[in-house]
Structures are given as structure tokens and as C-alpha cells.
Amino acid sequence: MPKIDNTCIYEVLVNEKQSSAADIHITGAKAASLTGQRKVSNMSEEETTSSNIFYYNLAWRAVITLSAVCLALFLLIVILVLILRWYVRRRTKNVFPHLKSTVGKNTSFKPVVVGFFHPYCNAGGGGERVLWTGIRALQKRYDFVKCVVYTGDSGVMSSDILSRAKERFNISLPQPVEFVFLNNRQWVEASSFPYFTLLGQSLGSLWLGWEALTRYVPDIFLDTMGYAFTLPLFKYIGGCHVGCYVHYPTISTDMLARVGDRTAMYNNAAFISSSRLLSGAKLLYYHLFAMLYGLAGRCSDVIMVNSTWTYGHVVSIWGQKDLTTIVYPPCDTKSFLEIPIKDESSKPDVETIVSVGQFRPEKDHPLQLKSFFEFLSHRPASEKCRFKLILVGSVRNEEDNNRVKSLKQYAAELGIKRHVVFALNVSFSDLKAYLAQATIGLHTMWNEHFGIGVVECQAAGCIALAHDSGGPKMDIVIDWDDKPTGFLADDAKSYARAMETIFSLQPLERRAICENARKNVARFSEAKFESGFLQCTEQLFIKT
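Residues numbered from 1 in each chain as written. Predicted model: local features only at pLDDT ≥ 70, side-chain atom pairs only at ≥ 80, totals over all residues. Heavy atoms only, no water.

### Some details on the overall build of the protein chain
This is how the line gets drawn: Only DSSP runs of H or I covering at least 4 residues are called helices, and only runs of E covering at least 2 are called strands; the numbering of each starts at the N terminus. Here the term buried applies to any residue with accessible area under 20% of the maximum for its type, exposed to any over 50%, and partly exposed to those in between, with areas from a 1.4 Å probe on protein chains only. Working rule for contacts: check all heavy atoms of both residues, and any pair within 4.5 Å makes them a contact. Methods summary: accessible areas were calculated by the Shrake-Rupley approach with a probe of 1.4 Å, and residue burial reflects only the protein chains presented.
The secondary structure content of the protein chain amounts to 18 helices and 13 strands. When the 544 residues of the protein chain are sorted by exposure, 48% land in the buried category. Of all intrachain contacts in the protein chain linking residues separated by at least 6 positions in sequence, the fraction that spans at least 24 positions is 73%. In the form shown here, the protein chain has an accessible surface area of approximately 27,300 Å², with 58% of it arising from carbon and sulfur atoms.

### Comments concerning the pattern of salt bridges
Formally: Between Lys or Arg on one side and Asp or Glu on the other, a salt bridge is scored when a side-chain nitrogen of the former is within 4 Å of a carboxyl oxygen of the latter.
Under the counting rule described, the total for this entry stands at 21 salt bridges. For Arg129, the salt bridge is made with Glu526, and the minimal N-O distance between the two is 3.3 Å. In this pair, Arg129 is assigned in helix α2 (residues 126-141) and Glu526 in helix α18 (residues 526-543), connecting sequence segments 397 residues apart. Neither Arg129 nor Glu526 differs from the other in exposure class; each is buried.

### Describing a nonpolar patch on the surface
We count it as follows: Nonpolar side chains (Val, Leu, Ile, Met, Phe, Trp, Tyr) are joined into patches within 5 Å and like charges within 9 Å, using only residues with over 30% relative accessible area and no salt bridge.
Together, Leu71, Phe74, Leu75, Val78, Ile79, Leu82 and Ile83 make up an exposed nonpolar region whose accessible area comes to about 660 Å². Relative to the elements of secondary structure, Phe74 occurs in helix α1 (residues 6-92).

### Observations concerning the environment of Thr537
In this fold, Thr537 is placed in helix α18. A relative accessible area of 1% means that Thr537 is categorised as buried. Sequence separation of Thr537 and Asp301 is 236 residues, and the distance between their C-alpha atoms is 9.5 Å. Among residues more than four places away in sequence, those in contact with Thr537 are Leu138, Leu222 and Met304.

### A closer look at helix α11 (residues 365-376)
The criterion, for reference: Here the expected length of a helix is defined as 1.5 Å per residue gap, with one fewer gap than residues.
Given a rise of 1.5 Å per residue, twelve residues ought to cover 16 Å, and the 17 Å separating the end C-alpha atoms of α11 matches this to within 8%. Those residues of α11 that sit buried are His365, Leu367, Gln368, Leu369, Ser371, Phe372, Glu374, Phe375 and Leu376. Those residues of α11 that are buried are in contact with β8 (351-356), β9 (387-393), α12 (398-414), β10 (420-424), β11 (438-442) and α16 (492-503).

### Thoughts on unusual backbone geometry
One non-glycine residue, Asp364, lies in positive phi territory at about 55°. Mapped onto the secondary structure, Asp364 falls in the loop between β8 and α11. The phi dihedral of Asp482 is positive, around 60°, even though this residue is not glycine. Within the secondary structure layout, Asp482 lies in the loop between α15 (470-476) and β13 (486-489).

### Focus: the environment of Ser205
Structurally, the position occupied by Ser205 is in helix α4 (residues 197-215). Along the sequence, Ser205 and Val188 sit 17 residues apart, while their C-alpha atoms lie 5.7 Å from each other. Every residue in contact with Ser205, bar those within four places of it in the chain, is listed here: Trp187, Val188, Tyr227, Phe229 and Thr230.

### Some points on the nonpolar core
For clarity, the threshold we go by: Joining through side-chain atoms within 4.5 Å is the link that ties buried Ala, Val, Leu, Ile, Met, Phe, Trp, Tyr and Cys residues into a set, and such a set is a nonpolar core.
By size, the foremost hydrophobic cluster in this structure holds 46 residues, and its most contacted members are Phe234, Ile251 and Trp318. Setting aside anything within four residues of it in sequence, one finds Phe234 in contact with Tyr150, Gly209, Ala212, Leu213, Tyr216, Pro218, Phe221, Gly239, Cys240 and Val242. Judged by nonpolar contacts, the second largest core, of 34 residues, contains Leu369, Ile416, Val420 and Ala496.

### Overview of the packing of aromatic side chains
Our working definition: By convention, a stacked pair of Phe, Tyr or Trp rings (six-membered ring in the case of Trp) has centres within 6.5 Å and planes under 30 degrees apart, an edge-to-face pair has planes over 60 apart, and any other such pair is tilted.
Tallied over the entire structure, the rule returns 30 aromatic pairs. Ring plane angle 90° and centroid distance 5.8 Å describe the contact between Phe117 and Tyr227, whose orientation is recorded as edge-to-face. With Phe117 in strand β1 (residues 112-117) and Tyr227 in the loop between β4 (220-223) and α5 (230-237), this pair connects stretches of sequence that are 110 residues apart. One exposure class covers both Phe117 and Tyr227, and it is buried.

### Quick word on the sheet that holds β4
Selection criterion: The pairing criterion for strands is at least two bridges between them, as found by DSSP. Lines fitted to C-alpha atoms define the axes, with helix axes restricted to the stretch in contact, and inter-axis angles between N-to-C directions lie between 0 and 180 degrees.
Reading across from one edge, β3-β2-β1-β4-β5-β6-β7 is the order of the seven strands in this open sheet, with parallel pairing throughout. Either end of the sheet is taken by a strand with one partner, and the two such strands are β3 (178-181) and β7 (324-326). Taken over all neighbouring pairs, the strand axes of this sheet differ in orientation by 20° on average, direction set aside. Across four bridges, strand β2 (residues 145-151) lies against β3 in parallel orientation.

### Topic: the sheet that holds β8
Across the sheet, which stays open at both edges, the six strands sit in the order β10-β9-β8-β11-β12-β13 with parallel pairing between neighbours. The open sheet has two free edges, formed respectively by β10 and β13, since each of these has just one partner strand. Adjacent strand axes in the sheet meet at a mean angle of 20° when their direction is disregarded. Note that β11 and strand β12 (residues 463-467) share three bridges and pair parallel.

### Regarding the pairing of strand β6 (residues 302-305)
Consecutive side chains along a regular strand alternate between the two faces of the sheet. Rule in force here: Handedness is read with the strands pointing away from the viewer; a crossover is right-handed when the path from the first strand over the helix to the second is clockwise.
Here β6 shows no split at all, with Val302 and Met304 on one side and Ile303 and Val305 on the other all buried. When strand β5 (residues 241-246) meets β6, the two strands line up parallel, connected through four bridges. Directly across from Cys244, in β6, lies its bridge partner Ile303. Since β6 and β7 lie parallel, the crossover through helix α9 (residues 308-318) that links them has a hand, and here it is right-handed.

### Structural notes on the pairing of β5
Among the six residues in β5, five count as buried, and that is most of the element. Relative to β5, β4 runs parallel, the two sharing four bridges. From the neighbouring strand, Ile220 faces β5, where its bridge partner is His241. Considered for its hand, the β-α-β crossover made up of β4, α5 and β5 is right-handed.

### Focus: the side chain of Asn520
Formally: A 3.5 Å cut-off defines polar contacts: any pair of N or O atoms within that distance qualifies, except that in protein one atom must be a possible hydrogen donor and the other a possible acceptor, and neighbouring residues in sequence count only when both atoms are side-chain atoms.
Here Asn520 is to be found in helix α17 (residues 507-520). Reaching out from Asn520, the side chain makes a polar contact with the side chain of Arg523 at a distance of 2.9 Å.

Put into C-alpha cells, the structure is as follows:
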């Protein structure tokens, strides 16, 4: 049997003991490390929780502080509005006392005063026809309604304004109308704001509206000219029920698109459209203005618009679809329909093209002159004397006068001066006479909100040649019974081609277009307008 070495056994036992001690030491170190990690983790969680609580409390305090500031501002605004309302009521309580008088009146209703904000009531354009037709409709329906017109035509007598309405529109009012003559109309003139014109005119309308409000406070306020920023003024400070008739939105999505595309035109100067930086800045300005314009428009209790095109833009910016109604403007189709359609059995000595519209930049009269020049340039020299362009329109101020002078000069530069006639501020009878002799009714405004002049031309038996956009495209020069009612164009060459086509039509072809157009314009009669206008404004009387 082999002999066991005790020394080896002793070394093995010693090594095992040291190994166990090392294992115990490592295990203890791991445990200590884990314990330390837990302590650090716990401390980190506590610090995170403490930090979260701190920021939560800070945010909560900020919310409470901000809410308190907003509440304080709101209360301050409410108090200010109430003070201003008391001020204007006190200031105007003795103005036109007879309007509220019930002495000797055989009516069970108290008088209701309707104020029409129309700073250019004597201008003689389509907007003024809306004004006077609307007033006449209210006076005919309600015997307790009294009407007040806020106007900037301070240099004109009241009787002269009414006489012009009779002369220009063949409108006589059954009841008297009071006028409040305003002295600050220059603040809504485009010439007062060479830059930031939209904002300047809108702020100017606030100032003009404040003058109107401090001169007389009506029960119902109607803006019939497109100054939307007067709506919150009369609603909240005046305490009125407010409505509006929108002829043309102050800003539209089309205008935003034009600036975004950097297209130069009368309201987008070339030096801006040629610069990416300036175009971007103007686009931002337009978007901010559109937001303010929308806020002002939402104050209206009733919104009437004059066309499908205007409806789309107003609903898009104001966001009041349920309150917005299309009420086509009144066109005196009855008077113009009395004009017999021209007998085409023999060619007249002179073929005339008539344009009807105010001399404003957006009407684009230069395009009319250029188109007519383009048309004449393709005619033999012996035939040019057979054609004449007549520009019929009202001139409101010195700015319009200067514009007419510029157009005359442009006609001379084109060499067509002797073929062009400017008929300014004509009477209604003269207008009918011009249209009775015309073959073509010309219109060139891009995105015209409606186009009363186009309707008048069609009713008078002219063939309409209008811009391929806006109201004329969407509402007026459309097929009726699947047959054409006129022609559309969008530049000088297309207008010239359309003129050539119209003048080359056979007599029976011309007559067919004119007769079909007359059937179409029945939708735009004064009777249709009065019905729609009364239906919309009835809601304002119910609230009063």
C-alpha cells in the first residue's frame, strides 16, 4: 500500500481555504457593489422625482399666472367696451330723435333704425345699386324701419345724392333717408397708404367707423361696401346687430397664390415679385392680415355675398359657412330688356364695343385698349374707321381722374385715340343709349367678384366678352340650355380673337346668342335681389 505525502495534503487544504476566502471576498464585493448601485439608483430616482415635481409645480404656477393675466385682460377689455358703449350711447342719444319717435305712428312695432355704412354712396357703381335697392326693399316691406346712410360725400347735398340714385339707377325711395356725413374718408383711400395698403385701409376704416359710431348708433348695422373691420366695432361697442354684403373680399386665396408665385400686377409691385425675400415677407404679411380679416368677418350675424366666387373665398377665410348666403346683386334687367335686339339685316356704319365699369385699377382698362389695338392691327386700314371702343364709367375722385388721363395718353401712344371714346359719369338714359348701339359688351377685370356691367350688357342685347375668371366665368357667361351666352378671354390676343369672331358672326348667330343671354340674366333681376336681401336681413330684425 503506497505511502501518503502529508505535505501535499496540507498544501491542497491550504489552497482550498484560500480559494474559498477569495470567493467569499469576491461575493462580498459584488454584494457591496450591487448595494451601492441600488443606493445610487434610488438616489437618482428620488432626484428625478423631485425634479419632476419641481417642474410640474413651476408649469402649474405659470399656467395659473397666465390664466390670471388673460382673465384680467379679458375683464379689462370688457370694462373698456362697456365704458365706450356708454360713451357713444350718451354722445348720440339726441341725434335724429325723430327716428325713434312713435308719436302719430299707426304701428304696433317700435321704430328700428338701420345704418348703412357706405362711404362712397354717390359713386354710381354696382355697389351703390346694392345700397339703394336694399334700402328701398326694407322701406317697402317694413313701415317701422328708418334708414341712415354713413357717407363720406360731405361736399354733396342729401337731395343731390338721391337725385343721382334716381338718375343713374332709376331708383326712387318711398321714405326719407337720413345721412351722416363723415369727414375722415381719406383714411380709406388707397392713395393714403402707398405701402401696406390693405392694412392701412382696414385700420383707416376702423377710424372712419369710429367717427360714424360716435355720430349715430343704429339698432342694426349693415356694411354694404366691404369694410369688415367696422363689424366688431358696431357689434361690441355699438351694441348693434350687424350684417354685411360682401362685393369683393379684401384679401383672397387667389391673392395669396399670386404673391406666392411672384406674379407682378397692380397690387404686387415688380420690385417685390422679383425678390424671393420680399415676396416671402409679403406672403407672411398677407397671411397675418387674412387671419385678422377672418376674425373681423366672424363678428357678422348675417353674411351676404354676391357670387359663387366670392362665396368660396369668404367661407374659406371667415369660416362661417352656415351664415353665408349668395344674393346676386340687383341688375336693372327690366329697363335694359326693353331695348330691342339690334336688327342685323344691314351692317351699321360703325360697330361699337362698350365697356361699363368704374375707373379703378383692378378693372384693367389698359388691357381693353391693348386688346382693341390688337384687334384693329389685323383689320385693313379702310375698315378701321368702322370700329369704336366706348369706355363708360364713373369717376369718384382725383385719383380716378388721373387714371382716365393716363388711359387717354396710352390710347394716343397706341395710335387708336380717334377710335376710343371716354364717357364719364353718364346718366342712366345715356347708358342705355350706348348699350343699345353696341355689338360687344367688354369686361377685362381679373377675378371680378360678380360683374354687374356684364349682366347689363347681356340684358341690353350686347354679346358679352368677359374675363375668363371670377363671377363672369362662374355665374354669368355660362351656357344656358346648353347654348352659349357670350365669350371669355384672358389676354390681349385672346380678346382680339374673340372680337374678330363676334364681328364675323352671321346675323342669326348673333341674335341667338343675345336671346339666350337674356334668358340667363333673369336670375339677376332686382326682384330676385330684394327677395334674397329681405330673407337674410329678416334674421337681424328677429333679434332686435
